[in-house]
Amino acid sequence: MVLRFLGTAAVAVLCASCATVSMQPASMTASIVRPKSDLQQTAEAFSDDAADAGWVQSRDAVSFITNSLFGNNDDESAAADYVEVIQASSAPVADVQTRLQADTEQTLIALTEINAQANALLSSETEIVRGDVSSFEDALITARDCRRSFNHAADALAERDATVTVETEIALSGLDEQIDRMSGLADQLVERWRNEDVATS
């Protein structure tokens, strides 16, 4: 009985998540036919790399359904996982700080590239399709999760040595700027995509 309920609920959740797609046939067709743009490829690669590196937890279909139906504390658990990955509470302080800054800088480089590609796409006459929007929004979620993980690690590090706090905050401030920029670009991508779809429907 429980399995039947979960199956029915899962179908309902998936159908609900696809409701927007069914209302946007032109963009959906274009996203299937057209090869992935540089933006989509780069955004997807960032989300995959972040999960592989242990900065965030991977998000698969099963976890999506579970989160949608019941909710959970994945954000907190993912941040705690990263603290464990870099052993922020036990490894030598210098090693933890070096790892944290390296991960932060790597994320910053990736976000800077993604934002540059999003801006270039918005400035061009290339059609923006659903795949561009969804991959960019997923990258934005991943970026915010990364920031949360790095912040938890920084807090754990500061408890052991308060002198490293300033350096860590400087490293994270650049990440915050790019995430804020991503948020604005995401809104622009959605607006452009919707306007283009209305024009072609």
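Since we're looking at a predicted model, the values are computed, not measured.

Peer 1: Which parts of the structure should I look at to understand the packing of aromatic side chains?
Peer 2: Centre distance and the angle of the planes are the two values used to describe a pair of aromatic rings. Scanning all chains against the criterion turns up two aromatic pairs. With centroids separated by 6.0 Å and ring planes inclined at 70°, the aromatic side chains of Trp55 and Phe150 adopt a geometry described as edge-to-face. Here Trp55 is found in the loop between helix 4 (38-53) and helix 5 (61-70), whereas its partner Phe150 is found in helix 8 (residues 130-160), with 95 residues between them in sequence. An identical accessibility class is assigned to Trp55 and Phe150; each is buried.

Peer 1: Whenever I open this one, the environment of Gln178 confuses me. Can you help?
Peer 2: Within the secondary structure, Gln178 sits in helix 9 (residues 165-200). Note on Gln178: relative accessible area 15%, which makes it buried. Setting aside residues up to four positions removed in sequence, Gln178 forms contacts with Leu108, Leu111, Thr112 and Asn115. A polar atom in the side chain of Gln178 sits 2.7 Å from the side chain of Asn115.

Peer 1: Got a minute to help me understand the nonpolar core in this structure?
Peer 2: If you look at soluble globular proteins, the nonpolar side chains tend to sit buried side by side. With 42 residues, the main nonpolar core has Phe46, Phe136 and Leu189 as its most contacted residues. Taken together, the elements giving at least two residues each to this core come down to helix 4, helix 6 (74-85), helix 7 (93-123), helix 8 and helix 9. Among the elements that make up this core, the one with the highest residue count is helix 8 (11 residues). With near-sequence residues (within four places) excluded, Leu189 lies in contact with Leu39, Ala118, Leu121, Leu122, Ile128, Val133 and Phe136.

The rules behind the values
Residues numbered from 1 in each chain as written. Predicted model: local features only at pLDDT ≥ 70, side-chain atom pairs only at ≥ 80, totals over all residues. Heavy atoms only, no water. Phe/Tyr/Trp six-rings, centres within 6.5 Å; stacked < 30°, edge-to-face > 60°. Helix = DSSP H or I, 4+ residues; strand = E, 2+ residues; numbered from the N terminus. Buried < 20%, exposed > 50% of the residue type's maximum accessible area, 1.4 Å probe, protein only. Contact = heavy atoms within 4.5 Å. Polar contact = N/O pair within 3.5 Å; in protein donor to acceptor, adjacent residues only side chain to side chain. Core = buried A, V, L, I, M, F, W, Y, C linked by side-chain atoms within 4.5 Å.

Everything listed here is a matter of coordinates, which is why it stays silent on function.
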